[in-house]
Amino acid sequence: MRRAVVTGIGAVTPVGLTGHETWQNLVAGVSGIRRIESFDPSDLPVQIAGEVRGFEPGRYMDTKAARRMSRFAQFAVAAAVQAAEDAGLVLSDAERHRAAAAIATGAGGVLETIKETDVLREKGPERISAFFIPMMAPNMAACQVAMRLGLRGPALASVAACASGLYSFIEAKQLIASGVADVVFAGGTEAAIHPLPIAALANMRALSRRNEEPERASRPFDRDRDGFVFSEGAVVLLVESEERARERGARVYAELAGGGLSCDAYHITAPLEDGSGAAEAMVTALRDAGLAADEVDYIAAHGTGTPLNDAAETAAIKSAFGEHAYRLSISAPKSMAGHLLGAAGALGALAAAMACYEDVVPPTINLEHPAPECDLDYTPQRARRRTVRAAAANGFGFGGQNACVIFRKYAP
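Note on numbering: residues in each chain are counted from 1, in written sequence order. Reporting of local features is limited, given that this is a predicted model, to residues whose pLDDT is at least 70; pairs of side-chain atoms are given and counted only at 80 or more, and all residues count toward the totals for whole chains, interfaces and linings. Only heavy atoms go into the side-chain values, all of them from the structure, while hydrogens and water stay out.

Draft legend 1. Representation of the nonpolar core within the structure. Buried Ala, Val, Leu, Ile, Met, Phe, Trp, Tyr and Cys residues form a nonpolar core when they are joined through side-chain atoms within 4.5 Å. Three labels apply to residues, based on accessible area from a 1.4 Å probe with only protein chains included: buried if under 20% of the type maximum, exposed if over 50%, partly exposed otherwise in between. Counting residues in hydrophobic clusters, the biggest one holds 53 residues, and the most contacted among them are Phe169, Val184, Leu237, Val239, Leu256, Tyr298 and Phe407. In this description a helix means any DSSP run of H or I spanning at least four residues, a strand means any run of E spanning at least two, and both kinds are numbered starting from the N terminus. By residue number, the principal contributor to this core is helix 14 (residues 344-358), which donates eleven residues. Inspection of this core shows a minimum of three residues originating in each of domain 1 (4-247) and domain 2 (258-408). Residues are treated as being in contact if the distance between any of their heavy atoms lies within 4.5 Å. Excluding its chain neighbours within four sequence positions, the residues that come into contact with Val184 are Ala100, Ala102, Ala172, Leu175, Ile176, Leu237, Leu238 and Val239. For every domain, the bounds stem from an assignment made automatically or drawn from a database.

Put into structure tokens, the structure is as follows:
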């Protein structure tokens, strides 16, 4: 079976406008959570979010193309272009037919849906944009990446709530292992910061209400956690067959070793309390990667900062890894970047792959008083140097969707 390796990284997130800036700020424990600036949030009970600030789509695509893309697709294109540049990738015409895009999302072009609904109500049907459908469709991030980079292989777009971002890496590994593709741009993207979804999640009591101290609001595994922070952004990694990467002398960050999926089949929003569904995804990922539990050194946790999720994920890790769970380093990227929804798993994948490459575990910031039910090593406050032979990234979504992807330190 052909091996899959990561050769390029790209990201547009609340903590960085490139893949490397995002990674460096995760390691440094820099928070990207602020009071919302894209609209006036004064009437909302939740007034904070992880917004992408300073993003200039014109750096990655022409102005006409950008105007015909929703923000979630713009983010994906930018992250994919970065990944290609980081990897030094140049595709011949023949190679384009074996190059794919697997870009997941949770909400797709929901901002366009809200905007055009307002136009319909206020100005009538004749004023609806002719580009509304191709702007809001969830597959358009993958398709726009393919068009921008000339990828003629499959263009895939999994929609699996907050687990979406990890599905793309399982798809990438399968495409490469089966010989369908030699190159896959894999990741997730989301842009849904708007009063409507924020109000809905606030009414669900899912969001942190620490409006006066936004940088301290996202606090996974902490006793005083009160919900997640709504965020936006995209992360795309370039995944290649090992053979092709070696032929062109590419730098390899990590091997994409395996992945696992499961469903709780339990509740529309709450996880199984014992974490058994999430544990099944982790065990499947270990088996797919051909690894024993004690060969994994780091987990980029889903770690939302909600009472139910953090407790269930802790239980799941203990179930999947046994006594080794207490020797794992675990951390939550959401403590700094917030919850990127359909891109959250891809951010975890970035952290896992780079941890293997640099032998460093980013921290969980704001973890000041660990919850009694969360008794593992969540790398509080500061990054830690340690050998990372293999690292997992977890992602769990509404509806009970669970995903785990494992990266391994690359050895030819």
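Having seen the model, we can carry on.
Draft legend 2. Quick look at the packing of helix 3 (residues 71-87) against helix 7 (residues 140-149). For helices, the axis comes from a line fit to the C-alpha atoms of the stretch in contact; other axes are also lines fit to C-alpha atoms, and the angle between any two N-to-C directions lies between 0 and 180 degrees. It is the contact of helix 3 with helix 7, at a shortest axis distance of 8 Å, that shows an interaxial angle of 40 degrees. On the basis of their axis angle, the class for helix 3 and helix 7 is oblique. The handedness of the crossing between helix 3 and helix 7 is right-handed. Mapping the contact onto sequence places Phe72, Ala73, Ala76, Val77, Ala80 and Val81 in helix 3 and Met140, Ala141, Gln144, Val145, Arg148 and Leu149 in helix 7. Charged residues are taken to be Asp, Glu, Lys and Arg, nonpolar residues to be Ala, Val, Leu, Ile, Met, Phe, Trp, Tyr, Cys and Pro, and polar residues to be all remaining types, Gly included. Considered class by class, the residues forming the contact of helix 3 with helix 7 number ten nonpolar, one polar and one charged. Orientation categories follow fixed angle ranges, with anything under 35 degrees roughly parallel, anything over 145 roughly antiparallel, 65 to 115 roughly perpendicular, and all other angles oblique. Should the near helix be turned counterclockwise from the far one by less than a right angle, the crossing is left-handed, whereas a clockwise turn marks it as right-handed.

Draft legend 3. Broad picture of the packing of aromatic side chains. The rule is short: rings of Phe, Tyr and Trp, with Trp giving its six-membered ring, pair when the centres are within 6.5 Å, and they are stacked under 30 degrees, edge-to-face over 60, tilted in between. Tallied over the entire structure, the rule returns five aromatic pairs. Between Phe55 and Tyr60 the ring centres are 6.4 Å apart and the planes differ by 10 degrees, which places this aromatic pair in the stacked class. Centroid distance Phe169 to Phe407: 6.1 Å. Interplanar angle 75 degrees. Geometry classified as edge-to-face. Separated by 238 residues along the polypeptide, Phe169 in helix 8 (residues 164-177) and Phe407 in strand 14 (residues 401-408) bring together distant segments of the chain. In this pair, the class of Phe169 matches that of Phe407, namely buried. Three or more aromatic residues link up through ring pairs in this structure, and these residues are Phe55, Tyr60 and Phe75.

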